[in-house]
Every structure is written in C-alpha cells, then in structure tokens.
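# Report on the structure
Below are the chains, spelled out letter by letter.
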Amino acid sequence: MHEHILVAGGAGYIGSHTVQLLLDQGYQVTVLDNLSTGHARSVGQAELIQCDLCDKRALLSLLDGKTFTGIIHFAGKSQVGESIAEPLTYFDNNVTGSLNLINYAVQAGIDRFVFSSSAAVYGHPSSSVIDEHHAIKPINPYGMSKAMVETMLVEGARSQGLSSIALRYFNAAGAWPDQGLGEDHDPETHLIPNVLTSLLPLHGKIHKPGPVKIFGHDYATDDGTCIRDYIHVRDLAEAHVLALHHLKGLTGALMLNLGSGSGNSVLEIIQTCQQVTGREIPYLVAPRRTGDPAVLVADNSLAGELLGWQPQRNLMMIIEDAWRWHQKR
Ligand code: UFG
C-alpha cells in the first residue's frame, strides 16, 4: 500500500529526524508546521505546509483533497519553564491544536495516529524506574497538556475507533549531523546542548556566556546531581516508524515509554562531554530548578515487547553526534 504520512510539527527537533527516516524508508511525507520554533530547512524533500493547528479553518482548507494513511503529531510547545509562566498559551497550543488535528483525523477517516507525549505526564515519580502503570500526575502545564491529549486519544478510540499510540519520551538528545539535523532551540534550556555550546563562540541568544550551571547538587543521588534517561533522537525517530506499523493491527489507545532504560547524572553528562570533546568544561553549582525530580528513568520494556524497539545508540554516541552537529551549525 502506498503510504502518505502527515507529520504535524515535522520541522522541529524530533519531528525532523522522523521525517528524514520516513523519507529514507520510501514514505511520502507532508509536514504541517507553523514554523514558530521549527525550521523549513529541516524537512528535507518532504512537502511543507505552513499552518497553525489552532487555526481550524486553515487546517481543513489546506488539507482538503489530500489523503493520508497515518498521522504523526509532534506540534506543540515544549518548554516546562515557559509553560509555568504562560499556562494558557500552552493549553491553547498543545490542547486546542491537538484537538483540531484529532478531529481532522476522525473526519478524514485516518485511524492511525502517533502522538508525541512526555515523561512529564508522570510528575514527581514515586519510583526511580517508571513503567506505564505509574500514576499520571503532571506538575506543570506542559505535562498537563500532554496528559489531556492522551485522554482525548483514549476517548477518541472508545467513541470513534481512532487507533493511537502516545510515545512518552524521556530526555531526547543527540543529532543526525550527516543530514544537517540537530537540536536547534532558541533559547536552549536542555543540558547536553547547553554543555556543548558553552565550548563554542557566542552567537545570538542560543549560547549563554560563562560556565555551565548545574541546577542543584544536593539531591539524593550518588553524586548529588539529578539523574535522567537520555535517549538518542534517531532511536526516537525509529520508534515512531515502528509505531505506525504496529497501529495497522491495533484498535484502541496505547501509551509507551521511550527511554534508554538507564540513567546518568548531570555530572556524568559533563564528564562524558569532556571525554568526547577533549576539552575542560567549566561549571558551577546553582540553586535547584523548580520542579526537577531527582531521578527519572524509563522502564522501556513495553515498547520493546510491542514494537520490537531497542535503542541502538548509547550516551557516548548521543554526545558525539550532538558535538559534531553543534560544531557544523
Ligand atoms: N540541567 C542543568 N543545567 C542546565 C540544564 C539542565 O543542571 O543548564 C539539569 C536539570 O536540572 C535536569 C537535567 O539537567 O536535572 C536535565 O535537564 P533538561 O532541561 O535537559 O531536561 P529535563 O529533564 O528538564 O526535561 C525533560 C524533557 C521535557 C520533559 C521533562 C520531564 O526535555 O520535555 O524531561 O521531566 F518535560
């Protein structure tokens, strides 16, 4: 069957890596993106339609006459801190926009829907390794918006037969330098790009001058810094394509964790970046950042079992790829 996939938010970080993988595997791809944080240059040979999902009328008219065999939905705002400052903007963008896209899927009879969710739906975890049965208790509007969309997908499955998989990412990192793809947020808040760009000349708002800040070193972990589960963005992209396959035989709404299954502390990240770059990385300890849990690591066994997904790239490869990309950028 000829596959034509609509990728909302396909010009963004994880979206663009998934678009490239779909194109490599022979899928026809149409990207829908408002380009508020994404980049037109990141969609490669895919068709790009500039559209904001919140504009329902524009969405329906721009997609009129097109047929898709599946939808992957990445579009949305993704900064936790910003979501606390501007919660209503987050609900508008992430919830209203998603509702419009889900309604479009139902009306157009597209019953395969893959959604970008987040470990942020779990809030402060009650165990260090989290499986999908963990309570959903988001502690910020970003996580709440993801949980709301998951609920819409469950109800869409029950009432309209929409089949979906929500992929709950842990800490996406890494790049695909050979394809010119990498993490290109402005401002950047994530640890690995902050550490690596601290070694590069300052330009724009992206590079923060001065040493890397470690947000808290008094957590109940071995070295006192927070532990996260870093997962290569190309491994994430592969999970989306596998999810599309899996949806062919699925009815209902499924949620799956996507993480490596092991954790690294902030200090370990800095050390690995020093190893990869061969450079000393100055850092200082700053106060804790609000809302950071001490440890967040995925139990990724369900994605392995159901999708046959196994992450292929370790932390060293994540940082090597990110470093190659930041230097070329
Ligand atoms: N950190 C620093 N210094 C920095 C940046 C981050 O010490 O300059 C620390 C943070 O405090 C945290 C760790 O590095 O302990 C990772 O922080 P990131 O900002 O890179 O990532 P988060 O774990 O905060 O965010 C990720 C996803 C979000 C998701 C969240 C769920 O990027 O989408 O996990 O908790 F919401």
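Each remark here, short or long, concerns the structure printed above.
Residues numbered from 1 in each chain as written. Predicted model: local features only at pLDDT ≥ 70, side-chain atom pairs only at ≥ 80, totals over all residues. Heavy atoms only, no water.

## Some thoughts on the packing of aromatic side chains
The cut-off we apply is this: Aromatic pairs are defined between Phe, Tyr and Trp rings, using the six-membered ring for Trp, whenever the two ring centres lie within 6.5 Å; interplanar angles under 30 degrees are classed as stacked, those over 60 as edge-to-face, and all others as tilted. What counts as a helix is a DSSP run of H or I of at least four residues, what counts as a strand is a run of E of at least two, and both are numbered from the N terminus. Under the scheme applied here, a residue whose accessible area is under 20% of the maximum for its type counts as buried, over 50% as exposed, and between as partly exposed, the area being computed with a 1.4 Å probe on protein chains only. We count a charge as sitting over a ring when the NZ of a lysine or the CZ of an arginine lies within 6 Å of the ring centre and within 35 degrees of the ring normal.
Under the counting rule described, the total for this entry stands at 1 aromatic pair. On the numbers, 6.5 Å between centres and 35 degrees between planes, the contact of Y122 with F170 is tilted. Remark: F170 occurs in the loop between strand 7 (163–169) and strand 8 (171–173) and Y122 occurs in the loop between strand 5 (112–118) and strand 6 (129–130); sequence separation between them is 48 residues. Both residues of the pair, Y122 and F170, count as buried. Over the face of the ring belonging to W176 we find R234, whose NZ or CZ atom lies 4.0 Å from the ring centre. Here the basic side chain of R288 rests over the ring of Y219, its NZ or CZ set 3.8 Å away from the ring centre.

## Comments concerning the nonpolar core
Stated formally: We call a set of buried residues a nonpolar core when its members are Ala, Val, Leu, Ile, Met, Phe, Trp, Tyr or Cys and they connect through side-chain atoms within 4.5 Å of each other. Contacts were defined at the residue level, with two residues in contact if any of their heavy atoms lie within 4.5 Å.
The biggest cluster of nonpolar side chains holds 36 residues, and the ones touching the most others in it are I14, L22, V29, I165, L167 and L258. Within the residue set of this core, elements represented by two or more residues are strand 1 (4–8), helix 1 (13–24), strand 2 (28–33), strand 7, helix 7 (233–246), strand 12 (253–258) and helix 9 (301–307). Broken down by element, this core gets its largest block of residues, 7 residues, from helix 7. Setting aside anything within four residues of it in sequence, one finds L167 in contact with V114, F115, S116, S117, S118, A239, H240, A243, L256 and L258.

## Details of the site of the ligand
The line we're drawing: Being near a molecule or strand, for a residue, means having at least one of its heavy atoms within 4 Å of it. Definition of a polar contact: a pair of N or O atoms within 3.5 Å, with one able to donate and the other able to accept a hydrogen when the atoms are protein atoms, and with sequence-neighbouring residues admitted only if both atoms are side-chain atoms. Surface accessibility in these figures is a Shrake-Rupley result with a 1.4 Å probe; residues are shielded only by whichever protein chains are displayed.
The immediate surroundings of the ligand are formed by 19 residues, with L191, K213, R228, R289 and D292 found nearest. Contacts to the ligand include L191, whose backbone N or O atom sits 2.8 Å from an oxygen atom. Relative to its free-state accessible area of 680 Å², the ligand is covered by the protein chains to the extent of 90%. If you list the elements that add at least two residues to the shell around the ligand, you get helix 6 (191–197) and strand 9 (212–215). With 3 residues, strand 9 is the single largest residue contributor to the shell around the ligand.

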